[in-house]
Amino acid sequence: MDFNDTPELASFRNEIREWLAANARTELPEGVKYGGEAIYAVAKEWYKKTAEAGYACLDWPKEYGGAGLTPLHKVVWAQEVANYAEPDSYFVIGIGNCGPAVTHFSDEKLKQRLLPRMASADDVWCQLFSEPSAGSDLAGLRTQAVQQDDGSWRINGQKIWTSGANHSDYGVVLCRTDTSVSKYKGLTMFILDMKQPGVTVKPIKQMDGNQHFNEVFFSDAEIPDAYRLGEVNQGWGAALLVLMNERMAITAVAPDGFDRFLEFVKSAEIAGQLLRDDPQVRDRLAHWYSQHAGVDASYMRMLTAVSKGGMPGAEGAVGKLIGGRMNQDIANFTLSLMGEAGAVHDAATAMEQAYFQDAALFSPGIRLAGGTDEIMRNIIAEQILGLPQEPRADKGVAFKDIPSGNG
Ligand SMILES: Cc1cc2nc3c(=O)[nH]c(=O)nc-3n(C[C@H](O)[C@H](O)[C@H](O)COP(=O)(O)OP(=O)(O)OC[C@H]3O[C@@H](n4cnc5c(N)ncnc54)[C@H](O)[C@@H]3O)c2cc1C
C-alpha cells in the first residue's frame, strides 16, 4: 500500500489537526490517570465531544453514529490524536469488538437504536467471553442459555476478566445452548442488558492498584430472542469475528512502547552519560525499531484488506504477539536503565511521569488479553504457516461427554 496521504486524507488530516488543536487537551485534568476511576468520566465526555463533531467511529456508516469514512481515516485520526492526552481508545472493547458483532448480526432496528449510543459512549459495552475454566479454551465455556416458551432466553453461570463490566450498560455474551454436540457447535452469542437484576458485577483489584476488570455472575438473567447475534448454536463463528476485531484493535491502540522509548533515549542522561551513546541502548533501539516497523507494516496490510471489504485475518495475531512482548521488554529495560529512580511510581515525581512503571505493571496483561502469546503462536503456526494442528483430544466429542471437574 501507499504510505503517503492521498489528497483526500491530507485534507482530512488538516481538518482534524485544527479541530484537535482547539478541542483536545495535552494533559489530563489534575488527579486523572489512565487506569484510575476518574478517567471514566473524562472518557465519556471526550467521546461525546467527538460524536457531536462527527468524528466518532470514523469508518461506521453515518446512520449508525459513524462518519461514513474509511479505516485509513481512522489511522490518520489515531496518528493525530496521539499528540494529545485524551482517552481516545478508552471504550475500544465496545466499539472495536462488540460494534462489529452488532453491525454484522443485528437487525436494522436494533442497529439504529444501539450503535449511535455506543459510538457516543452514551452506552458503554463489554465483552463477556472468558470464564474461570474457559480462557484459552474459550469454546469450553459453561454459562448456559436456555430458551423459554415465549422465545426469550434465561442465562446462568459466570464470566471473569470482563473489562469495564462495572461501567457497562450492555455486553456481548457467549453462552452454551447445546451440550449434546461438540464444544464449538453448541454456542450462541447474545446482546445482554447489564443493568438487570439477574446480573451481578464484582470488580477485581489488580497488582497496579486499578480495577480494570470484573467477575460477572448471571442468575436467571433475561435476554429477548431479538438480542441473539447470529443463528442458534452458530456462536463460535460469531465469536471469532469478535476476536479477530479485538486483535486488530489491540494492535492499533496498545502501544508497543517504541516511540516513547525513542523519545526517552534521545535526550536522557544517566550518571552523566547520554543514553543514546550507549552501545547496548543503540543495539536495543535498532532491534525494537525493526520489530516496530514490521508490526506497523503488517497492521497497514491488514487495514488495506479491511478497507477493501475483507475481514481482519490471522495476521492480527502477529501484531499482538510482537507488540505485546516488546511493550513489556521496553518497559523493563528502561526501568533497569533508570536504576533506583525506576522504583518511583508517583507520576508527579517519577521520570517520564511514570510511563514505564505503568507499562511494566500493565504490559503482562496485554500479553494475555484477547488470547495469550502461546495461543497467538498456535494461530500463526496453524493458520499462517500451515503447520499441523496441535492435538485436540476433545475433537468431535459431545460437550457433555468431555471429562471435567464439574461432574
Ligand atoms: C487486561 C485483560 C483484559 C481482559 N479483558 C477481557 C474481556 O473484556 N472479556 C473477556 O471475555 N476476557 C477478557 N480477558 C481474559 C483473557 O481473554 C484471558 O485471560 C485469556 O484468554 C487467557 O485465558 P486464561 O486467563 O483463562 O488463561 P489459561 O487459558 O488458563 O492459560 C494459562 C496458561 O496456559 C497457556 N495455554 C493454554 N492453552 C494453551 C495451548 N493450547 N497451548 C499452549 N499454551 C497454552 C496460556 O498461554 C497461559 O500461559 C482479559 C484479560 C486481560 C489480562
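Residues numbered from 1 in each chain as written. Predicted model: local features only at pLDDT ≥ 70, side-chain atom pairs only at ≥ 80, totals over all residues. Heavy atoms only, no water.

Draft legend 1. Here's a closer look at the pattern of salt bridges. Applying the stated criterion across every chain, the model contains 20 salt bridges. A salt bridge links lysine 74 to aspartate 59, with the shortest nitrogen-to-oxygen separation between them at 3.5 Å. Here lysine 74 is found in helix H3 (residues 71-81), whereas its partner aspartate 59 is found in the loop between helix H2 (39-52) and H3, with 15 residues between them in sequence. Lysine 74 gets classed as partly exposed once you look at its relative accessible area, which sits at 35%. Here aspartate 59 falls in the partly exposed class, since its relative accessible area comes to 25%. With a shortest N-O distance of 3.7 Å, arginine 284 and aspartate 283 are connected by a salt bridge. The class of aspartate 283 is partly exposed, set by a relative accessible area of 45%. By sharing partners, the salt bridges in this structure join Asp5, Arg13, Arg17 and Glu80 into a single network. (Salt bridge = Lys/Arg side-chain N within 4 Å of Asp/Glu carboxyl O. Helix = DSSP H or I, 4+ residues; strand = E, 2+ residues; numbered from the N terminus. Buried < 20%, exposed > 50% of the residue type's maximum accessible area, 1.4 Å probe, protein only.)

Draft legend 2. Highlighting the site of the ligand. Surveying the vicinity of the ligand reveals 21 residues, the closest of which are Ser130, Ser136, Trp161, Thr372 and Glu374. At 2.9 Å from a nitrogen atom of the ligand is found a side-chain nitrogen or oxygen belonging to glutamate 390. Within the complex, the protein chains bury 70% of what would otherwise be the 970 Å² of accessible surface of the ligand. At the level of secondary structure, the elements contributing two or more residues to the shell around the ligand comprise strand S3 (153-163), helix H10 (355-366) and helix H11 (373-384). Residues of the shell around the ligand, tallied by class, amount to eight nonpolar, 11 polar and two charged. In this structure, the shell around the ligand is formed jointly by two domains, domain 2 (125-235) and domain 3 (254-384), each of which donates at least three residues. (Near = heavy atom within 4 Å. Polar contact = N/O pair within 3.5 Å; in protein donor to acceptor, adjacent residues only side chain to side chain. Areas by Shrake-Rupley, 256 points an atom, 1.4 Å probe, with all protein chains shown as cover. Nonpolar A, V, L, I, M, F, W, Y, C, P; charged D, E, K, R; others polar. Domains from an automatic or database assignment.)

Draft legend 3. Representation of the pairing of S3 within the structure. Two strands pair when backbone bridges link them, and strand S2 (residues 144-147) and S3 are joined in this way by four bridges, in the antiparallel orientation. Pairing of alanine 145 across the sheet is with isoleucine 155, part of S3. Linkage of S2 to S3, two consecutive antiparallel strands, is achieved through a turn of five residues, within which glycine 151 is found at a positive phi near 95°. Bridge analysis of S3 against strand S7 (residues 213-223) gives eight bridges, and the strand direction is antiparallel. Paired with serine 163 across the two strands is phenylalanine 213, which belongs to S7. (Pairing = 2+ DSSP bridges.)

Draft legend 4. Representation of the side chain of aspartate 256 within the structure. Inspection of the secondary structure assignment puts aspartate 256 in the loop between helix H6 (235-253) and helix H7 (258-267). A distance of 2.9 Å separates a polar side-chain atom of aspartate 256 from the backbone nitrogen of phenylalanine 258. Those residues within four positions of aspartate 256 in sequence are excluded, and the remaining contacts are His292, Gly323, Met326, Asn327 and Ile330. (Contact = heavy atoms within 4.5 Å.)

Draft legend 5. Spatial organisation of the packing of helix H9 (residues 316-338) against H10. Between H9 and H10, the least distance of the axes is 9 Å, while the angle of their chain directions is 150°. With respect to H10, the axis of H9 lies roughly antiparallel. The crossing of H9 and H10 is left-handed. From H9, Lys320, Gly324, Asn327, Gln328, Ile330, Ala331, Asn332, Thr334, Leu335 and Met338 reach across to H10, where they touch Phe356, Gln357, Ala359, Ala360, Ser363, Pro364 and Ile366. In terms of residue class, the contact of H9 with H10 is made up of nine nonpolar, seven polar and one charged. (Axes fitted to C-alpha atoms, helices over the stretch in contact; angles between N-to-C directions. Parallel < 35°, antiparallel > 145°, perpendicular 65-115°, else oblique. Left-handed = near helix turned anticlockwise from the far one by under 90°.)

Draft legend 6. Geometry of the environment of alanine 56. For alanine 56, the position within the fold is in the loop between H2 and H3. As a C-alpha pair, alanine 56 and proline 116 span 60 residues in sequence and 9.3 Å in three-dimensional space. If we skip the residues at most four places from it in the chain, alanine 56 touches Thr50, Ala51, Gly65, Gly66, Ala67 and Ala119.

Draft legend 7. View of H2. Here H2 spans 20 Å end to end across 14 residues, near enough to the 20 Å set by a 1.5 Å rise per residue. Those residues of H2 that sit buried are Ile39, Tyr40, Val42, Ala43, Trp46, Tyr47 and Thr50. For H2, the arc enclosing every buried residue in end-on projection is 160°, short of the 170-degree limit, so these residues lie on one face. Each element contacted by the buried residues of H2 is listed here: helix H1 (7-23), H3, helix H4 (92-105) and helix H5 (108-119). (Expected span 1.5 Å × (residues − 1). Arc of directions from axis to C-beta.)

Draft legend 8. The packing of aromatic side chains, seen in detail. The final tally for this structure, using the stated rule, is 18 aromatic pairs. Their ring planes at 85° and their centres at 6.0 Å tell us that tyrosine 40 and phenylalanine 91 sit as a pair that is edge-to-face. With tyrosine 40 in helix H2 and phenylalanine 91 in the loop between H3 and H4, this pair connects stretches of sequence that are 51 residues apart. Classification of phenylalanine 91 by relative accessible area gives buried; the value is 8%. Their ring planes at 35° and their centres at 5.4 Å tell us that tyrosine 55 and tryptophan 77 sit as a pair that is tilted. Pair noted here: tyrosine 55 is in the loop between H2 and H3 and tryptophan 77 is in helix H3, with a separation of 22 residues, a long-range link. On the basis of relative accessibility, which here comes to 10%, the residue tyrosine 55 falls in the buried class. (Phe/Tyr/Trp six-rings, centres within 6.5 Å; stacked < 30°, edge-to-face > 60°.)

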